[in-house]
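Topology and contacts: notes
Residues per chain are reported as follows:
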Amino acid sequence: MPTLKDVVYEHVREGELYETLDRNRVRCYACGHYCPIPEGQPGVCKVRYNRGGKLYVPWGYVAGVQFDPIEKKPFFHAYPGALAYSFGMLGCDLHCAYCQNWVTSQALRDPSAISSPSQASPEALVRDALRQRAKVLVSTYNEPLITSEWAVAVFKEAKAAGLTTAFVSNGNGTPQVLEYLRPWIDLYKVDLKSFDDRHYHQLGGRIGPILDTIRRLHEMNLWLEIVTLLIPGFNDSDDELRRLADFLANVSPYIPWHVTAFHKDYKMDDPEDTRPEDLFRAAEIGQNAGLKYIYAGNLPGLVGDLENTNCHHCGELLIRRYGYFIENYRLTTDGCCPSCKTTIPGRWASKFQGQIADRPFLPRRRSSLVNILN
Ligand code: SF4
């Protein structure tokens, strides 16, 4: 029976996001680590490795597939109510102690992270997505930047079938990987975990590449939303939140900012769970910084108007939500406020097309995705 490492090392092909260095080393630029990788070694993410002076990258499998409401990603300004076919692979360039997807993201780094990947092709994934009437195909769960070559192969197929494509990412990108993705990706969510480089060091990264990625994504005109999981005592001081919100407002006050509630997970069980009043405080800081669209997540029904979308110009209620459920949708066919006619930033369908699910579910038929470890 193959081990997880065997599976990861067998399901590869030569990557495109690298250059060769001296002494058979390669430099990967799929993420902000820019690992120089000696012959026979993997990069920090453990899933891209140097064999014979070439960089091999993940290919031909998924570690998990799920149908999610697009609101779970979360995208609140892109096709509300749409079904998002969400797939992940293995590995991550960071090692956050509170990761909710650690079983796949920490594969080959944490011995208890054992998952069971399935064989997949871009065609099979797109077929599955269309069968359930998904509108969006999302690379998520592990860090998608480190598996960008595979994501692009899937997204090419998805776009040919008329689907929208998206990344749910930690944002630790590089100019090279963003240019590589640009023709094939429509929506991008960045998890801005902190505004303190020391905190990012604890998670295994640096803040610089993440802020740079946010600026570039906005300049590239990809639809961008930002999430900050508010962890009491880690990233929730007024000062840190103020600097974070000022940065975002400076890039654009129209970028939606989701502040979401932490609950104990993986190795982080010290902080208390986030309370509604913590989210209200963060939202007020964002409003004072000038951000126009601030949402509070993970506490449905407890955060008042912060689940809803209101027009930034006249305040009219445009979308009323409960958790991921769309209760009311009032944008015009051209994505404007029905009251003052202001254009609302986002990617909108010409009309609300109903909601297939307001909670995640697994694909019913997965015959085309064959489990590899069985
Ligand atoms: S994706 Fe990032 S962590 Fe992985 S090998 Fe490339 S630069 Fe290193």
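Small disclaimer: the values here were computed from a predicted structure and weren't measured.

1. Re empty space enclosed by the protein
In total, this model carries 1 cavity of 30 Å³ or more according to the counting rule given. If you add up the space inside the largest cavity, you get close to 80 Å³. Residue lining of the largest cavity: 13 residues in total, with Cys 28, Cys 31, Cys 35, Cys 45 and Arg 48 positioned closest to the centre.

2. Here we look at the site of the ligand
Lining the immediate environment of the ligand, one finds Cys 28, Ala 30, Cys 31, His 33, Tyr 34, Cys 35, Ile 37, Gly 43, Val 44, Cys 45, Arg 48 and Ile 146. More than half of the atoms of the ligand fall within 2 Å of the grid points belonging to the largest cavity. The residue inventory of the shell around the ligand, partitioned by class, reads 9 nonpolar, 2 polar and 1 charged.

3. Here we look at helix 9 (residues 276–289)
For helix 9, which comprises 14 residues, the first-to-last C-alpha distance of 20 Å matches the rise-based estimate of 20 Å (1.5 Å per residue) to within 8%. Of all the residues in helix 9, the buried ones are Asp 278, Leu 279, Ala 282, Ala 283, Ile 285 and Gly 286. All buried residues of helix 9 lie within an arc of 155 degrees about the axis, which places them on one face of the element. Of the surrounding secondary structure, the elements contacted by the buried residues of helix 9 are strand 14 (223–230), helix 8 (238–251), strand 15 (257–261) and strand 16 (294–297). Gly 290 sits one or two residues past helix 9 and shows a positive phi near 105 degrees.

4. Here we look at the layout of surface pockets
Put simply, the largest pocket is a space of about 1,100 Å³. Lining the largest pocket we find 41 residues, and of these Lys 72, Lys 73, Gln 100, Asn 101 and Lys 189 sit closest to its centre. In terms of residue class, the lining of the largest pocket is built from 17 nonpolar, 16 polar and 8 charged.

5. A short note on the packing of aromatic side chains
Following the criterion strictly, the structure yields 10 aromatic pairs and no others. Seen from their ring centres, Tyr 329 and Phe 352 are 5.2 Å apart, and the 20 degrees between their planes marks the pair as stacked. Of the two residues, Tyr 329 sits in strand 19 (residues 325–329) while Phe 352 sits in the loop between strand 19 and strand 20 (370–371), which places them 23 residues apart along the sequence. Assessed through its relative accessible area of 15%, Tyr 329 is described here as buried. Residue class for Phe 352 comes out partly exposed when judged on its relative accessible area of 27%. Grouped by ring-pair contacts, the aromatic residues Tyr 9, Tyr 49 and Tyr 56 constitute a single cluster. Looking at Arg 51, its charged tip hangs above the ring of Tyr 56, at a distance of 4.1 Å from the centre. Lys 135 extends its terminal NZ or CZ atom over the ring of Tyr 79, reaching a point 4.4 Å from the ring centre.

6. Some thoughts on the nonpolar core
One finds Tyr 85, Leu 125, Leu 192, Ile 214, Ile 226, Leu 248 and Trp 257 to be the most contacted residues of the largest nonpolar core, which totals 94 residues. The dominant element in this core, judged by the number of residues it contributes, is helix 8, at 7 residues. With residues near it in sequence (within four places) discarded, Leu 125 still touches Val 62, Val 65, Tyr 85, Ala 120, Trp 150, Val 154 and Leu 369. If you look at the next biggest cluster of nonpolar residues, it comprises 13 residues, including Phe 75, Ala 82, Ala 166 and Trp 223.

What counts as what
Residues numbered from 1 in each chain as written. Predicted model: local features only at pLDDT ≥ 70, side-chain atom pairs only at ≥ 80, totals over all residues. Heavy atoms only, no water. 1 Å grid on protein atoms, 1.4 Å probe; cavity = no way out; pocket = protein on both sides within 12 Å on 5 of 7 lines; lining within 4 Å. Points joined across faces, edges and corners; volume = space filled by probe spheres on them. Near = heavy atom within 4 Å. Sits in = over half its atoms within 2 Å of the grid points. Nonpolar A, V, L, I, M, F, W, Y, C, P; charged D, E, K, R; others polar. Helix = DSSP H or I, 4+ residues; strand = E, 2+ residues; numbered from the N terminus. Expected span 1.5 Å × (residues − 1). Buried < 20%, exposed > 50% of the residue type's maximum accessible area, 1.4 Å probe, protein only. Arc of directions from axis to C-beta. Contact = heavy atoms within 4.5 Å. Phe/Tyr/Trp six-rings, centres within 6.5 Å; stacked < 30°, edge-to-face > 60°. Lys NZ or Arg CZ within 6 Å of the ring centre and 35° of its normal. Core = buried A, V, L, I, M, F, W, Y, C linked by side-chain atoms within 4.5 Å.

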